[in-house]
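# Secondary and tertiary structure notes
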Amino acid sequence: MEEPKATASIIINLAEKFENESSDFYEKLAKRFEENKAAFLSFAHESKKYGVLIVRTYRETITDALEACFSFEGLDLSKYEVETNLSEDASFSEALSMAIALEDKTSKFYTDVAELSKSLLATIPAAFRRVAKGRNSRKKVLESLLNKTPRP
Amino acid sequence: MTILDEPIKEVLTVKNYVGGEWVGSEGKMVDVVNPANCRVIAKVPVSTTDEIDAAVKTAEEAFPEWRRTPPLARARCLLRLRELMEEHFEELSRIQTMEHGKTIDESRGETRRGIENVEVAAGIPSLMMGYNLEDIAAGIDEYLIRQPLGVFGIIGPFNFPFMVPLWFAPYAVATGNCIIVKPSSEDPISQSKIAELTEEAGFPSGVWNLVNGGRTVVSGMLNHPEIKGICFVGSTPVAKDVIYKKCGETGKRVVAQAGAKNFLLVMPDANLESTTAACMTSFYGNTGQRCLSGANLLVVGEGLDDREYEAFYEKMLNAFTVAASKIRVGYGLDESVQMGPLRDEGKKERVLGFIEKGIEEKAKLKLDGRKVKLVSDLPHTCFLNPTVFEDVTPDMTIAKEEIFGPVAAIMKARNLDEAVDIIHASPFGNAASVFTSSGKIAREFQYRVQCGNIGINIGIVAPMAFFPFSGMKDSFFGTLHGQGQEAVRFFTESKVVIQRWF
């Protein structure tokens with residue numbers, strides 16, 4: 001028998017997990033780094049919306065075309081493992097670097113699953129692309145914050 | 001690998017829902033078993049004749065007020081039901097996996113298809129409109145109105161315990177009728193959950209009733225003079241010899257969707273990769289337990305010489321077999337699983353009988369699903385892996401009879417004409433598909449093939465809620481079908497009024 005496959009259910013649950021963890025992560029950053037609270041809270045809020053968008057799109061479009069036998073062939077999920085546990089003594093620039101890595105990996109994840117699901121109903125890859133785009137925009141904001149941060 | 005949380009934590013006692021009350025039954029209780037782990041998850045009553053009679057009486061009493069309720073108000077009940085189903089989407093889906101065995105994605109697909117019927121039926125103010133014409137004669141106008149009939153019985157099958165009753169129920173109540181749903185006693189829990197949600201959605205007492213049981217309940221429905229029509233989905237012998245016949249005798253309306261033996265044709269110009277993927281879902285989705293499942297794969301050699309045809313056949317056969325051998329089998333709440341168990345041990349035994357018959361009749365067993373390999377440690381009681389037979393000929397039992405399990409028969413047809421003849425030799429006419437990149441072949445297939453649901457490069461030809469679920473020959477008994485406009489017509493009487501004012 002084959003190795004476990006990335007079924008639609010696994011992918012959607014993973015996306016939901018990314019968004020929940022991201023939301024918690026940015027809420028923590030908002031508490032820790034008051035000057036950028038508004039930006040981090042908006043990211044946290046956005047992640048919650050992304051989670052809802054992905055799950056809703058999946059539930060609204062899952063039919064016979066997207067059931068058990070469909071899988072995201074060739075997707076290596078270990079490539080997208082993210083770290084959101086920020087140590088107590090992490091500096092602002094370390095937190096930003098972690099956030100950038102998070103956005104980088106998740107946007108790559110969404111881009112890849114959008115590509116692999118393009119044969120399905122258009123709303124499915126469209127939802128993944130939308131989140132990938134949003135994640136990329138965040139990455140740029142975070143990079144610009146990092147560039148403005150004085151290095152030790 | 002993630003095993004999703006089971007929503008049923010302890011053995012449930014399923015009750016009947018009649019007149020807005022949850023009532024017990026005098027009948028004996030039978031076990032509902034999760035086929036993946038063989039655990040009892042509920043006990044369901046085998047209701048008595050008196051109990052079905054009482055439910056009909058309650059529904060009959062609720063009818064006059066419900067039919068006077070404006071269509072928009074009836075639609076709002078459905079819209080609220082839809083919202084509640086969305087809210088409970090995951091729970092409803094996991095219940096289906098536990099009671100039936102299908103994978104979680106299959107259950108979610110089933111939930112979605114069920115909800116879509118509620119959504120379509122909520123358009124009843126438009127769907128139920130009649131039509132009119134002025135001046136059909138001097139000063140005379142004529143118009144048609146649609147009126148509900150009374151009480152309908154809905155008898156659900158085991159293979160789609162959530163969705164199939166929803167091919168009918170939302171349209172029946174939207175048009176102003178009252179219903180009694182009898183789910184399969186093998187997997188009645190999701191219908192019980194729906195009844196719970198109808199209560200919360202604000203349907204008046206007696207409009208949507210649920211009576212659990214078996215033959216006694218079915219007989220009670222068929223014999224009751226106040227039941228105006230029956231909706232049934234199940235096997236051909238029951239549909240033809242019991243439901244259709246009895247409804248004819250008692251003057252009831254009837255929709256009886258029955259068995260199938262569906263053919264999928266692969267033409268030489270088909271996209272083999274996409275075709276193979278579609279075939280996997282078609283043949284092995286829902287563990288082959290659906291009336292739209294692919295059963296026979298006809299590899300057609302249209303336009304090829306003998307050598308080319310052999311090469312094409314081998315290529316398709318190998319692609320199919322390799323893909324089938326990779327399907328992960330196990331408990332449907334394990335998200336990595338792609339095929340669950342059969343509904344029960346008896347159904348597995350029946351499928352095993354067909355596999356043995358295939359071997360006896362000299363079909364070649366290319367992939368033997370009897371060698372059960374599961375992704376986790378579970379009792380093998382209800383499980384089989386995908387099976388593939390090659391060199392199957394149209395006269396073999398496995399090519400003719402409905403197996404209702406994960407068994408594929410690969411057959412040859414030299415050209416499209418021969419393939420169509422093979423399809424037409426089957427008494428069934430539920431669905432057929434062709435995989436091709438030729439518009440000409442597709443058009444000819446659609447035009448000639450005598451099946452109710454035709455697929456062009458589609459593995460499972462499942463009509464959406466706004467189209468009828470069609471079917472022909474021994475796959476359907478009745479006139480109008482479930483879903484969409486046809487369901488609205490089924491559940492209403494057309495009344496014509498010719499009017500003149502002096």
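To keep things clear, this report deals only with the structure shown in the data block. (Residues numbered from 1 in each chain as written. Chains lettered and ligands numbered in written order. Predicted model: local features only at pLDDT ≥ 70, side-chain atom pairs only at ≥ 80, totals over all residues. Heavy atoms only, no water.)

With that settled, the discussion passes to the overall build of chain B. If you tally the helices and strands in chain B, you get 16 helices and 23 strands. Taking 23 Å as the expected radius of gyration for a compact globule of 502 residues, we find that chain B reaches 24 Å, a close match to that expectation. Considering only C-alpha atoms, chain B reaches an extent of 80 × 65 × 40 Å along its principal axes. Among the 502 residues that make up chain B, the fraction classed as buried is 61%. For chain B, the proportion of contacts with a sequence separation of at least 24, taken over those separated by at least 6, is 74%. Here chain B contributes 54 positive and 65 negative side-chain charges, whose respective centroids are spaced 1 Å apart. (Helix = DSSP H or I, 4+ residues; strand = E, 2+ residues; numbered from the N terminus. Rg over C-alpha atoms; globule rule 2.2 N^0.38 Å. Buried < 20%, exposed > 50% of the residue type's maximum accessible area, 1.4 Å probe, protein only. Contact = heavy atoms within 4.5 Å. Lys, Arg positive; Asp, Glu negative; His and termini not counted. Charge placed at Lys NZ, Arg CZ, Asp CG, Glu CD.)

Residue and element names in this part refer to chain B. A cluster of nonpolar side chains, Leu133, Ile136, Val496 and Ile498, forms an exposed patch at the surface whose accessible area comes to about 370 Å². Every element with two or more residues in the nonpolar patch is listed here: strand S6 (131–137) and strand S23 (492–500). Along the chain, Ile136 falls in strand S6. A relative accessible area of 37% places Ile136 in the partly exposed class. (Patch = residues over 30% accessible without salt bridge, like charges linked within 9 Å, V, L, I, M, F, W, Y side chains within 5 Å. Areas by Shrake-Rupley, 256 points an atom, 1.4 Å probe, with all protein chains shown as cover. Salt bridge = Lys/Arg side-chain N within 4 Å of Asp/Glu carboxyl O.)

A few words now on the side chain of Gln147 of chain B. When you line up the elements, Gln147 of chain B lands in strand S7 (residues 140–148). Polar side-chain contacts of Gln147 of chain B include one of 2.8 Å to the side chain of Lys495 of chain B. (Polar contact = N/O pair within 3.5 Å; in protein donor to acceptor, adjacent residues only side chain to side chain.)

Among the nonpolar cores identified, the biggest contains 112 residues, and Phe128 of chain A together with Met85, Phe203, Trp208 and Ile243 of chain B are the most heavily contacted of them. If you tally residues by element for this core, the top one is helix H1 (residues 49–68) of chain B, at seven residues. The residues touching Phe128 of chain A, leaving out its near neighbours within four places in the chain, are Ile11, Ile12, Ile54, Phe72, Tyr110, Val113, Ala114 and Ser117 of chain A. Core analysis: the next-biggest nonpolar cluster, separate from the first, contains 45 residues, Val299, Tyr313, Leu367 and Leu374 of chain B among them. (Core = buried A, V, L, I, M, F, W, Y, C linked by side-chain atoms within 4.5 Å.)

Now for the pattern of salt bridges. Within this structure, the stated rule accounts for 39 salt bridges over all chains. Its salt-bridge partner being Arg138 of chain A, residue Glu103 of chain A comes within 2.9 Å of it at the nearest N-O pair. Note that Glu103 of chain A is positioned in helix H3 (residues 92–116) and Arg138 of chain A in helix H4 (residues 123–148), a separation of 35 residues in sequence. The two residues Glu103 of chain A and Arg138 of chain A agree in class, both being buried. Taking the shortest distance from any N to any O, the salt bridge between Arg108 of chain B and Glu90 of chain B comes out at 2.8 Å. With Arg108 of chain B in helix H4 (residues 104–121) and Glu90 of chain B in helix H3 (residues 89–100), this pair connects stretches of sequence that are 18 residues apart. There is no split in this pair, since Arg108 of chain B and Glu90 of chain B are both buried. It is possible to trace a salt-bridge network through shared partners that takes in Glu19, Glu46, Glu103, Arg135 and Arg138 of chain A.

A word on the sheet that holds strand S19 (residues 431–435) of chain B. Residue and element names in this part refer to chain B. One open sheet holds the seven strands; their spatial order is S15-S16-S17-S14-S13-S19-S20, and the pairing between them is mixed. Bordering the open sheet on either side are strand S15 (364–367) and strand S20 (453–456), each of which pairs with just one other strand. Recorded for the sheet is a direction-independent mean angle of 20 degrees between the axes of neighbouring strands. Note that strand S14 (residues 294–300) and strand S17 (residues 407–413) share five bridges and pair parallel. Residue pairing across strands places Leu298 opposite Met411, the latter belonging to S17. This element, helix H10 (residues 272–284), spans strand S13 (262–266), S14, strand S16 (387–392), S17 and S19 of the sheet and lies at about 155 degrees to S14. Contacts from helix H11 (residues 306–325) reach S13, S14, S15, S16 and S17, with the element oriented near 170 degrees to S17. (Pairing = 2+ DSSP bridges. Axes fitted to C-alpha atoms, helices over the stretch in contact; angles between N-to-C directions.)

With that out of the way, let us pick up the environment of Leu81 of chain B. Positionally, Leu81 of chain B belongs in helix H2 (residues 71–87). Setting aside its immediate chain neighbours within four residues, Leu81 of chain B contacts Val118, Ile194, Leu197, Thr198, Ala201, Phe203 and Trp208 of chain B.

Turning next to the packing of aromatic side chains. Counted by the stated rule, this structure contains 23 aromatic pairs over all chains. Consider the rings of Phe25 of chain A and Tyr26 of chain A, whose centres lie 5.2 Å apart with planes at 65 degrees: the pair is edge-to-face. For the ring pair Phe203 of chain B and Trp208 of chain B, a centre distance of 5.6 Å and an interplane angle of 65 degrees mean the geometry is edge-to-face. Residue class for Phe203 of chain B comes out buried when judged on its relative accessible area of 7%. Note on Trp208 of chain B: relative accessible area 3%, which makes it buried. Three or more aromatic residues joined by ring pairs form one cluster here, namely Phe25, Tyr26, Phe33, Phe40, Phe43 and Phe92 of chain A. Its guanidinium or amino end placed over the ring of Phe158 of chain B, Lys347 of chain B lies 4.4 Å from that ring's centre, counting from NZ or CZ. (Phe/Tyr/Trp six-rings, centres within 6.5 Å; stacked < 30°, edge-to-face > 60°. Lys NZ or Arg CZ within 6 Å of the ring centre and 35° of its normal.)

The subject of this paragraph is the packing of helix H14 (residues 416–425) of chain B against helix H15 (residues 439–448) of chain B. All names here are of chain B. Running from N to C, H14 and H15 point in directions that differ by 25 degrees, and their axes come no closer than 11 Å. As the angle between them shows, H14 and H15 are arranged roughly parallel. The element H14 and its partner H15 pack so that their crossing is right-handed. Where H14 abuts H15, its residues Leu416, Asp417, Val420, Ile423 and His424 lie against Ile441, Glu444, Phe445 and Arg448. (Parallel < 35°, antiparallel > 145°, perpendicular 65-115°, else oblique. Left-handed = near helix turned anticlockwise from the far one by under 90°.)

Across the boundary between the two partners, chain A contributes 20 residues, which contact 31 residues of chain B. Counting each side, the surface lost to burial between chain A and chain B is near 2,300 Å², with a carbon and sulfur contribution of 54%. Counting across the interface, chain A meets chain B through one salt bridge. Residue Arg59 of chain A pairs with Glu90 of chain B through a salt bridge whose shortest N-O separation is 3.7 Å. Across the chain A-chain B interface, the total number found is eight residue pairs in polar contact (both at pLDDT 80 or more). (Buried area = accessible area lost by both parts, 1.4 Å probe.)

Regular strands place side chains that alternate from one sheet face to the opposite one. All names here are of chain B. Relative to S7, S6 runs antiparallel, the two being bridged by four bridges. In the sheet register, Tyr131 faces S7, and the bridge partner there is Leu144. The hairpin formed by S6 and S7 contains two residues between the paired strands, and Gly139 there has a positive phi angle of roughly 70 degrees. As judged from the nine bridges shared by S7 and S23, these two strands associate in the antiparallel manner. Bridge pairing in S23 places Pro148 opposite Thr492.

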